[in-house]
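# Examining the three-dimensional arrangement
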Amino acid sequence: MTRQEIDFFNKIAPEWDSMEVRSLPVRINHILDLMQIEPGMNVADLGTGTGVLIPYLLQRVGSHGRVTAVDGAPGMLEIARAKYGKSGDNLTFLLADFEENMPVDRYDRIILYCVYPHLRYPVETLRNLIDHHLRPGGYVYIAFPNDETFVNHIHGEKKSTADMLPSAPALALRLFDNGFNVRVVEYSEDAYIIRLN
Ligand SMILES: C[S@@+](CC[C@H](N)C(=O)[O-])C[C@H]1O[C@@H](n2cnc3c(N)ncnc32)[C@H](O)[C@@H]1O
């Protein structure tokens with residue numbers, strides 16, 4: 001993450017949960033159903049922000065699973081920690097830039113939820129996640145609770161440093177061309193999900 005991006009997310013952290021209107025329980029549950037998150041799994045939530053996915057992930061992986069919530073903006077992570085820090089010892093918070101310092105571990109599911117446009121080196125980062133941080137049979141997911149029109153509208157309005165998000169088929173093709181094994185799981189107004197392994 002750039003300094004500018006960290007500052008941007010630190011600044012909007014206190015308002016994030018009130019601004020986040022798309023991550024309704026029904027949408028999150030639908031997305032996590034499609035990701036087949038099961039009891040006992042080890043899951044990484046990269047760019048967890050204020051932790052919108054955390055309670056859903058904990059519920060799904062259960063007491064024998066683990067969730068690692070990573071974010072590079074201290075302001076965002078602090079809020080996630082304040083909300084869910086007492087949820088149990090199978091939840092770990094990590095302040096890190098996962099493009100530079102991904103925790104040394106292997107996961108069944110690595111989730112980039114509403115994060116992809118912020119990646120600086122998407123191809124290299126996804127390659128590293130797949131080659132060094134997935135368990136056999138695991139998946140990396142790029143997901144949003146909306147299509148690219150919504151994301152690009154928000155990014156244009158808020159003047160964040162983020163790049164524009166291509167449509168799911170266009171991004172899938174781009175990733176395929178870069179040698180990834182890729183599948184569009186769903187592409188609708190309510191769920192943009194690309195699976196990689
Ligand atoms: C748009 S927010 C989404 C937060 C959360 N996933 C949600 O949907 O509410 C993007 C988050 O990703 C984090 N982020 C972006 N790039 C990152 C990186 N390379 N390493 C760690 N965190 C990153 C930002 O700090 C921010 O909290």
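Up top is the structure.
### Details of the sheet that holds strand β3 (residues 91–95)
Across the sheet, which stays open at both edges, the 7 strands sit in the order β3-β2-β1-β4-β5-β7-β6 with mixed pairing between neighbours. Both edges of this open sheet fall to β3 and β6 (182–187), since each of them pairs with a single strand only. Mean inter-strand twist for the sheet, computed between neighbouring axes without regard to direction, equals 20 degrees. Two elements, strand β2 (residues 66–71) and β3, share 5 bridges in a ladder whose sense is parallel. Note on β3: the bridge partner recorded for Val 67 is Leu 91. Helix α7 (residues 168–177) rests against β5 (134–144), β6 and β7 (192–196) of the sheet, and its axis sits at about 170 degrees to β6.

### What to know about helix α2 (residues 25–34)
Where α2 is concerned, the buried positions are Arg 27, Ile 28, Ile 31 and Leu 32. The arc that holds every buried residue of α2, seen down its axis, measures 125 degrees, which confines them to one face. Elements that come into contact with the buried residues of α2 comprise α3 (54–61), β4 (107–113), β5 and β7. Count one or two residues on from α2 and you reach Gln 36, which has phi positive near 50 degrees.

### Points about the nonpolar core
A general trend in soluble globular proteins is that nonpolar side chains are found buried together. Judged by nonpolar contacts, the single largest core of 29 residues is most densely connected at Leu 46, Leu 112, Tyr 116, Leu 126, Val 140, Ile 142 and Leu 196. Those elements giving two or more residues to this core turn out to be β1 (42–46), β4, α5 (122–133), β5, α7 and β7. The residues contacting Leu 126, other than those within four sequence positions of it, are Leu 112, Tyr 116, Val 140, Ile 142, Leu 175, Phe 180 and Leu 196.

### Examining the packing of α2 against α3
Across the interface, α2 lies against α3 with an axial gap of 11 Å and an inter-helix angle of 45 degrees. The orientation of α2 with respect to α3, classified from their angle, is oblique. Crossing hand, α2 versus α3: right-handed. Where α2 approaches α3, its residues Pro 25, Ile 28, Asn 29, Leu 32 and Asp 33 are matched on the opposing element by Tyr 56, Leu 57 and Arg 60. Residues belonging to the contact of α2 with α3 are distributed by class as follows: 5 nonpolar, 1 polar and 2 charged.

Reading the values: the criteria
Residues numbered from 1 in each chain as written. Predicted model: local features only at pLDDT ≥ 70, side-chain atom pairs only at ≥ 80, totals over all residues. Heavy atoms only, no water. Pairing = 2+ DSSP bridges. Helix = DSSP H or I, 4+ residues; strand = E, 2+ residues; numbered from the N terminus. Axes fitted to C-alpha atoms, helices over the stretch in contact; angles between N-to-C directions. Contact = heavy atoms within 4.5 Å. Buried < 20%, exposed > 50% of the residue type's maximum accessible area, 1.4 Å probe, protein only. Arc of directions from axis to C-beta. Core = buried A, V, L, I, M, F, W, Y, C linked by side-chain atoms within 4.5 Å. Parallel < 35°, antiparallel > 145°, perpendicular 65-115°, else oblique. Left-handed = near helix turned anticlockwise from the far one by under 90°. Nonpolar A, V, L, I, M, F, W, Y, C, P; charged D, E, K, R; others polar.

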